[in-house]
Structures are given as structure tokens and as C-alpha cells.
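Report on the structure
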Amino acid sequence: MTRRVTLSFDNGPTPGITEGVLDCLDRHAIKATFFVIGQKLRVPGAVDLMRRAHAAGHWIGNHTLTHSVPFGEQPTEAFARGEIDETEALIGDCACPEKLFRPYGREGRIGSHLFSRASVSHLLDHRYRTVLWNAVPGDWRDPVGWFDTCLAQVTARDWSLVVLHDITNGCLAHLPALLDRLVDAGLRFEQDFPPDMVLTESGRIARLGDELVTGGIAGLSSPERSA
Ligand SMILES: [Zn+2]
């Protein structure tokens, strides 16, 4: 069976870096998703980079405003609203028809710190497609070794959703070689996400469980919300 891989680039845009990532993807005609941080869009030139990515056919997703505290550790409604809404306003018309959101996990960790009940309510009410990850090679903390980690991760799964970073000291230095290897290995690139990585969509919980939400999800997927 052909293995599939979906690439996502988080924590940008970063002027001087995101351009290089876009050029690499272009060379192989690979479409990916850029999960952007709201605050970084306020840096001069960053919005232009997001627009360039959008115009090239990549998807733009919301990756919080400050990328500082996971929702589960600051479970107020005001915090969730600020982190999500302000970033979405900055993304503007580069958003997908069904807006994409990825939570901040603190080094990619998965657990109940990822969401508060208030954040899940907000994502459902505003019909976000909330997207997780299943491969974090660690480009930012392991500048050489992440390459082999990534190859091992994507060959171990039927469909990987890889998190890389378009930041200084992120994936860029080894990205051209990585893409060559993945292409040579016969992996099929997908832009869409593996179904089990989509936590909410169309105003409903798809695969979000208690293990990802501080306080659990009981009562959050009410029938009137999905109507
Ligand atoms: Zn991140």
C-alpha cells in the first residue's frame, strides 16, 4: 500500500525563511498547510508571505495569537476567544472556506492540556476544522537528526501528518533533501488531513475525546449545535 504524507508548517510566517520553504514545495508541486501565529503576522512582510502561500495553493490555518499557553492551562472563555479570533482576523481572506485551527501543544505534546471546554465550544460555535498531528520530527530542537526521525515516522504509518516549522533554525536547511527522499521513496503527498487527525468540523465534534480536553467534553456536542 502506498504510504501517504501531509506536510504542515507551523509557527510562521517568518520573513527570510518561509520564502525558502515555499520555493522547495513549489519545486515538487507539493501543497501543504501553513498554521500561522497571529502575532507573527504583525511583523513587516509576514502578511505578504502568507498571501504568497495562499496564492500558491497552500492552505492557511490558525495556530493561536500568542502560542504561549495551552488552552487547558488557562481555561477562560476570554483567553480562547482572544487567541482564536484575533488570529483569524489577521488571516482574513486567506482563510479556507472551512477555517482551520491547530492548538498550541508545547513542543508538540498531546494531552488534556491542549483544550479547555471554552476553547472547544468556541471552535464548534464558529465551525472550525480543528486539526491535530501525528508526526513531530523535532526540526527546531534537533537540527540534524530530525531528518532521519521524519523518514522513520512517515514510513511507519499509512498516512502521516507531519509538523515542521518555517522558523529560524527550523526545517529549511534540510527540507530540499527531505522532499527528494520522500519523493524517491514513492510516498504520496496529500494536502488534506488524515481523517483521524480532524477533531472538529462542520460545527460538530469529529474525533475529539476527553483525553485532549481539560474538564472533558461532556455536554459540548449538543444536538442543537450541530443542527
Ligand atoms: Zn506551534
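Before reading on, note that the structure itself is shown above.
The structure reproduced in this document is the subject of the present report.

Going through the model one piece at a time under the given rule, you end up with zero disulfides. Of all cysteine sulfurs, the one in Cys-96 lies closest to Cys-94, which takes part in no disulfide; the gap is 9.8 Å.

Attention shifts here to the pairing of strand S9 (residues 198–201). Summarising the sheet, strand S6 (residues 129–131) and S9 pair through two bridges and their orientation is antiparallel. For Thr-130, the partnering residue across the bridge sits in S9 and is Thr-200. Looking at chain direction, S9 and strand S10 (residues 204–205) are connected through two bridges and run antiparallel. Across the sheet, residue Glu-201 finds its bridge partner in S10, namely Arg-204.

Right, let's talk about the nonpolar core for a bit. Counting 31 residues, the largest nonpolar core has Leu-7, Phe-9, Leu-25, Phe-34, Leu-175 and Leu-178 as its most contacted members. Breaking this core down by element, the ones donating at least two residues are strand S1 (4–12), helix H1 (18–27), strand S2 (33–36), helix H2 (46–55), helix H5 (146–155), strand S7 (159–165) and helix H6 (175–184). Every residue in contact with Phe-34, bar those within four places of it in the chain, is listed here: Phe-9, Thr-18, Val-21, Leu-22, Leu-25, Ala-53, His-58, Trp-59, Ile-60, Gly-61 and Asp-166. Formed by 29 residues, the second largest nonpolar core is a distinct cluster that contains Ile-84, Leu-100, Phe-115 and Val-131.

The protein atoms that coordinate the zinc ion are Asn-11 (OD1), His-63 (NE2) and His-67 (NE2), at distances of 2.0 to 2.3 Å. Between consecutive donors of the zinc ion, the numbers of intervening residues give the motif N-x51-H-x3-H. With respect to burial, His-63 and His-67 carry one shared label: buried.

About the thresholds
Residues numbered from 1 in each chain as written. Predicted model: local features only at pLDDT ≥ 70, side-chain atom pairs only at ≥ 80, totals over all residues. Heavy atoms only, no water. Disulfide = S-S within 2.5 Å. Pairing = 2+ DSSP bridges. Helix = DSSP H or I, 4+ residues; strand = E, 2+ residues; numbered from the N terminus. Core = buried A, V, L, I, M, F, W, Y, C linked by side-chain atoms within 4.5 Å. Buried < 20%, exposed > 50% of the residue type's maximum accessible area, 1.4 Å probe, protein only. Contact = heavy atoms within 4.5 Å. Donors = N, O, S within 2.8 Å, 3.2 Å for Na, K, Ca; no water.

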